[in-house]
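What follows is the residue order along each chain.
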Amino acid sequence: MVSKPSSAASARTVSVLALVAAVLVGAFLAPVVYDAAAPTPDRVAVISVDGYISSYTADQLEEDLHEARENESIKAVVLQVDSPGGSAAASERMYLAVNRTAQEMPVVSSVQGTGASGAYYTMLPSESIYVTPSSVIGSVGVRGSAPIGGSSNEIRTGPDKASMTVDQREAQIETLKHAFVGSVMDHRGDDLSLSREEVAYAKVYTGARATQNGYADDIGTLQTAIDRAAAEAGLENYEVVEKEPQAQSGIILLSSDSGDSTVVIEESPVGYDGVRAPQFLMVYGQVQYEDEVIGNVSA
Amino acid sequence: MSQRNLLGGTVVFAVALGLILVGAAVAPYAFQLGGSAPADTENAAKQAFDADELVATPGPESGDVTMDSNAEPKTVLIDVGHENDVSESDMQPLVDALVANGHQVKYLTREDAQRDFNGSLRQADAFVVVNPEQPYTGDQLAGLRSFEDAGGRVALLGDPQSAGTTSVLGLITVSVSTGAVGGDAGLTSDYGVSFGSSSLYNMHDYYLNYENVYATPEGETALTEGVDEVVFRDAAPLSVSADSVSPALVSGGETRVESIRKTGPYTVAAQSETVVAIGDADFLAPESAYEADNEVLVGNLADFLVSGDKESGAPAPATPESGGEPGSAPGQGTAPTPA
């Protein structure tokens, strides 16, 4: 008889302790469960394409766009572009990444300053391209260094191992031009008032002119582009998430000389230390390297 | 707390924890099984490009530089004495063809030009000028004119001027028109031919690069016999005004001049009985001499150079009466001494 009250008290104690533990655990888990259960807000991702386009830039954009495609909350992408282009290979990679993304969700571009050459290539799959009157876009062309003569103090297994003929290099650059110009015509041919040959001149246009000849769709700011992207995705309430590129250091030096933009390549963006590898560039502006073969008039 | 209660609580806790952990372990596999379809394996990049449509391929380098004429052995003098922007290797196909057919090729050095220009010409049957970057003196031009009047052959080849330099063959004109030779016209204008300073290009029909323009024969000249189409890399347009000079090669109708973007066609080679003028020198180089029908053009040029029958003793030695002072272009650096 003596043990009954003690047993009841013990059972109560266990119950109380279990209740307290449940509350504590519940308090810890509740927000997680709530977040998991609550509907995720729709988002528009703003991704920057900034500065000289290198393989690093392409890595970043591919990663950001992959995340945008995988994240179900992101319904549209806006490219915030201010770049003169850069490496041809990196520019092509970025174009392909945007092209794939544009097949899954609306992509809209906003040119902040310059969206030329490789940067324009990157924007091509966009639903719309917005510019401001002072924006500079275009420069649809390719350029590359002239063949380097073979060295007499080395032994090679073939005549083209160290270099190649001018014809071969010109053919390579012409092939890249076909891809670039062809992509422009594929994506914007219906909007362009220019012929394929006129596009291949690789001219740049300021924003207002670009809206007339079809290189761009309309005058607009970044917010205009975000609004358009959201509308294309059918969003009324949405969040904007911005993805800024991480700083890149030590490879490309941008400088200004006599008012003209100058791209100085301290290390080859597609080459390697100690090796002067052929460089194919989709960049607008003055490039300092020797014996240049230009794929177009002002690529 | 009874042992029973404690045991019961422990069992419940262990079972619950076990279920949670097992669930956590299994969940990733469950997501994977029921998750994304293999759509990502689709090669979207390949769909964006058709490699067969993109690839540009260099044409074959074929043919040989041959000469048709059976002319007596002649001497061809190539000017390298006026800081000419040309190397001996750049002219190798032409030189090889001449030598293989029994002719002699000599180079006029700077020292030769200064010491006895007319004397050098006197020993030659043809004179080739490629991209001179130093002006000719009035006496030298007078001697060259006498050489041509006596039946000597003259070939003038000039690329478009590069940025920052003066038109190469224009120097010949400038040096005389400003000089002390008393109203003599310049060499090229004497022949009714002037060389443009800006490059030709064609965005519609070109060989690998927009600056490599095609040219086809105009009329019937010996220079273009057997030529259907040649490729000029970085060609200069010629302006032909004299009746004695005939256009020989003309670029395509959609060719333009880079500086003013005016649409052609443009004359890029012209010929008279004694003079050939070509607005390109690169076609002579081994890298270009075997593209299209360039090798036929090189052979025809070789034939032209040995086609003359120059009077012996011409040109006569320069005399004070013949022109005296050397003409010099303003700002053109050191002028050579009179011949």
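Criteria and thresholds
Each chain has its residues counted from 1, running along the sequence as written. Labels are handed out in written order, letters beginning with A for the chains and numbers beginning with 1 for the ligands. Local features in this predicted model are restricted to residues whose pLDDT is 70 or higher, and side-chain atom pairs enter the listing and the counts only when it is 80 or higher, whereas totals over whole chains, interfaces and linings include all residues. Here the side-chain values reflect all heavy atoms present in the structure, with hydrogen atoms and water set aside. Think of it this way: any DSSP run of H or I at least four residues long counts as a helix, any run of E at least two long counts as a strand, and we number them from the N terminus. Contacts are residue-level and defined by heavy atoms, with any inter-residue pair within 4.5 Å sufficient. Residue exposure ignores everything except the shown protein chains as possible cover, and the areas themselves are Shrake-Rupley values with a 1.4 Å probe. Residues with no salt bridge and a relative accessible area higher than 30% make up the patches, which join like charges within 9 Å and nonpolar side chains (Val, Leu, Ile, Met, Phe, Trp, Tyr) within 5 Å. The salt bridge criterion pairs a side-chain nitrogen of Lys or Arg with a carboxyl oxygen of Asp or Glu, the two atoms within 4 Å. None of His or the chain ends enter the tally, which takes Lys and Arg as positive and Asp and Glu as negative. Charge positions come from single atoms, namely NZ of Lys, CZ of Arg, CG of Asp or CD of Glu. Throughout, nonpolar core names a set of buried Ala, Val, Leu, Ile, Met, Phe, Trp, Tyr and Cys residues whose side chains join them through atoms within 4.5 Å. To sort residues, take the accessible area from a 1.4 Å probe on protein chains only and compare it with the maximum for the residue type: under 20% means buried, over 50% means exposed, and anything in between is partly exposed. Here the quantity called buried area is the accessible surface, traced with a 1.4 Å probe, that two parts lose on coming together, added over both. Only C-alpha atoms enter the line fits that serve as axes; for helices the fit covers just the stretch in contact. Angles between N-to-C directions range over 0 to 180 degrees. Throughout this description, any angle smaller than 35 degrees is read as roughly parallel, any larger than 145 degrees as roughly antiparallel, any in the 65 to 115 degree range as roughly perpendicular, and the remainder as oblique. Left-handed describes a crossing whose near helix is turned anticlockwise from the far helix through less than a right angle; right-handed describes the clockwise counterpart. Nonpolar residues are Ala, Val, Leu, Ile, Met, Phe, Trp, Tyr, Cys and Pro. Charged residues are Asp, Glu, Lys and Arg, and all others, Gly as well, are polar. Each residue gets a pLDDT score, which is the predictor's confidence in that residue and runs from 0 to 100. Orient the strands so they point away from the viewer, and a crossover whose first-strand-to-second-strand path over the helix runs clockwise is right-handed. At least two DSSP bridges between two strands are needed for those strands to be called paired.

Novice: Mind showing me how you'd approach the overall build of chain B here?
Specialist: Secondary structure assignment for chain B yields nine helices and 14 strands. Long-range contacts, defined here as pairs at least 24 residues apart, represent 77% of the contacts in chain B between residues at least 6 apart. With the model as given, the accessible surface of chain B reaches about 15,900 Å², and the carbon-plus-sulfur share is 52%.

Novice: Looking at this model, I keep getting lost on a negative patch on the surface. Mind explaining?
Specialist: A cluster of acidic residues, E61(B), E83(B), D85(B), D90(B), E133(B) and E287(B), forms a negative patch at the surface. Relative to the elements of secondary structure, E83(B) occurs in the loop between β1 (75–79) and α4 (92–100).

Novice: Got a minute to help me understand the nonpolar core in this structure?
Specialist: One broad rule of soluble globular proteins: the nonpolar side chains tend to lie buried together. Ranked by size, the top nonpolar core spans 53 residues in total, and within it V77(A), L79(A), Y120(A) and Y215(A) carry the most contacts. For L79(A), the contacting residues outside a window of four places in its chain are I47(A), V49(A), L61(A), V98(A), V107(A), V108(A), S109(A), S110(A), T122(A) and S126(A).

Novice: What's the story with the interface of chain B and chain A in this structure? I'm lost.
Specialist: Contact residues are listed per partner, giving 27 residues for chain B and 28 residues for chain A. Overall, the association of chain B and chain A removes approximately 2,400 Å² of surface from exposure, summing both partners, and the carbon and sulfur fraction of that is 54%. Together, F49(B), L54(B) and M203(B) form the three largest contributors to the area buried by chain B at its contact with chain A, with a combined 24%. Linking chain B to chain A there are two salt bridges.

Novice: I would appreciate a short explanation of the pattern of salt bridges in the present structure.
Specialist: Pairs may arise between side chains of opposite charge once their charged atoms sit close together. Residues and elements named next belong to chain B. Within this structure, the stated rule accounts for twelve salt bridges over all chains. For D112, the salt bridge is made with R115, and the minimal N-O distance between the two is 3.0 Å. One end of the pair is D112 and the other is R115, both in helix α5 (residues 110–122) and three residues apart, which spans about a single turn. Take R115: its relative accessible area is 60%, and that puts it in the exposed class.

Novice: Help me out: how do you make sense of the packing of α4(B) against helix α9 (residues 294–305) of chain B in this one?
Specialist: Two numbers describe a pair of packed helices, the interaxial angle and the distance between the axes. Residues and elements named next belong to chain B. Taken N-terminus to C-terminus, the directions of α4 and α9 make an angle of 50°; their axes are 9 Å apart at the nearest point. Relative to α9, the element α4 is oriented oblique. Judged by the sense of rotation from one axis to the other, the crossing of α4 with α9 is right-handed. Residues P93, L94 and L98 of α4 lie in contact with α9, whose contacting residues are V298, L301, A302 and L305. Residues belonging to the contact of α4 with α9 are distributed by class as follows: seven nonpolar, no polar and no charged.

Novice: Sorry, what's going on with the confidence of the model for chain A here?
Specialist: It should be kept in mind that the predicted coordinates are not to be read in detail where pLDDT is low. All names here are of chain A. Overall, the predicted model of chain A reaches an average pLDDT of 84, with 79% of residues at or above 70. Every residue in residues 249–261 is under pLDDT 50, and counting partners more than four places away or in other chains gives 21 contacts. pLDDT under 50 marks residues 266–270. Its contacts with residues more than four places away, or in other chains, come to 17 contacts.

Novice: So what exactly am I meant to see when it comes to the environment of V245(B) here?
Specialist: Residue and element names in this part refer to chain B. Within the secondary structure layout, V245 lies in the loop between β10 (238–240) and β11 (246–251). Given the relative accessible area of 8%, V245 is considered buried. Residues V245 and A270, spaced 25 residues apart in sequence, show a C-alpha to C-alpha distance of 6.4 Å.

Novice: What is the right way to look at the pairing of strand β4 (residues 153–157) of chain B in this model?
Specialist: The side chains of a regular strand alternate, residue by residue, between the two faces of the sheet. Residues and elements named next belong to chain B. Most of β4 is tucked away, with five of its five residues classed as buried. Covered by surrounding structure in β4 are R153, A155 and L157 together with V154 and L156, the residues of both alternating faces. In this fold, the crossover linking strand β3 (residues 126–130) to β4 by way of helix α6 (residues 138–149) has right-handed handedness. In this structure, β4 lies alongside strand β14 (residues 275–278), joined through four bridges in parallel fashion. Paired with A155 across the strands is V276, a residue of β14.

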